[in-house]
Amino acid sequence: MVSSTRMEAVNFRQPPDPALLHTRLRKMISKNIGIMHYRLPESTDRNSVLYGPILSLDDLDSIGEEF
């Protein structure tokens, strides 16, 4: 399960951005599938969706979407 609550721009007094929310969710779901299903390790490469730890939305927004 991936919660979108802390990924929503409106929670940070910014205008709603459905495309950004969709990208953030896609990254987190991809990361979870990679780690939980394929048992891939977290990465230190910021271009990888497996990058970790993700401590902020800035971290999430800066990572890539490739494994």
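We now turn to the structure provided with this report. Everything quoted here is computed from the prediction, not taken from an experiment.

**Section: the nonpolar core**
With nine residues, the main nonpolar core is built from Met 7, Leu 21, Met 28, Val 49, Leu 50, Tyr 51, Leu 57, Leu 60 and Ile 63. Listed by contribution, the elements that provide at least two residues to this core are helix 1 (18-36) and helix 2 (57-62). With near-sequence residues (within four places) excluded, Met 28 lies in contact with Val 2, Met 7, Ile 54 and Leu 60.

**Thoughts on unusual backbone geometry**
Here the residue pair Gly 52 and Pro 53 is connected by a cis peptide bond, since its omega of 0° sits within 30 degrees of zero. Among the structural elements, Pro 53 can be located in the loop between helix 1 and helix 2. One non-glycine residue, Arg 39, adopts positive backbone phi at about 55°.

**A look at the environment of Ser 62**
Mapped onto the elements, Ser 62 comes out in helix 2. Owing to a relative accessible area of 39%, Ser 62 belongs among the partly exposed residues under this scheme. Along the chain, Ser 62 and Arg 46 lie 16 residues apart, while their C-alpha atoms are 7.2 Å from each other. Sequence-distant contacts of Ser 62, that is, excluding residues within four places in its chain, are made with Lys 27 and Arg 46. Polar side-chain contacts of Ser 62 include one of 2.7 Å to the side chain of Arg 46.

**Examining the environment of Gly 64**
Here Gly 64 shows up in the segment after helix 2. Along the backbone, Gly 64 and Lys 27 are 37 residues apart, and their C-alpha atoms lie at a distance of 8.1 Å. For Gly 64, the contacting residues outside a window of four places in its chain are Lys 27, Arg 46, Asn 47, Ser 48 and Val 49.

**Description of helix 1**
Compared with the 27 Å implied by 1.5 Å per residue over 19 residues, the 26 Å span of helix 1 between its first and last C-alpha is a close match. The complete set of buried residues in helix 1 reads Leu 21, Arg 24, Lys 27, Met 28, Lys 31 and Gly 34. Buried residues along helix 1 sit in contact with helix 2.

**Overview of the environment of Ile 35**
By the secondary structure assignment, Ile 35 is in helix 1. Remark: the alpha-carbon pair of Ile 35 and Leu 55, spanning 20 residues in sequence, is separated by 17 Å. Apart from the residues within four sequence positions on either side, Ile 35 is in contact with Leu 40, Glu 42 and Leu 50.

Cut-offs and rules
Residues numbered from 1 in each chain as written. Predicted model: local features only at pLDDT ≥ 70, side-chain atom pairs only at ≥ 80, totals over all residues. Heavy atoms only, no water. Core = buried A, V, L, I, M, F, W, Y, C linked by side-chain atoms within 4.5 Å. Buried < 20%, exposed > 50% of the residue type's maximum accessible area, 1.4 Å probe, protein only. Helix = DSSP H or I, 4+ residues; strand = E, 2+ residues; numbered from the N terminus. Contact = heavy atoms within 4.5 Å. Polar contact = N/O pair within 3.5 Å; in protein donor to acceptor, adjacent residues only side chain to side chain. Expected span 1.5 Å × (residues − 1).

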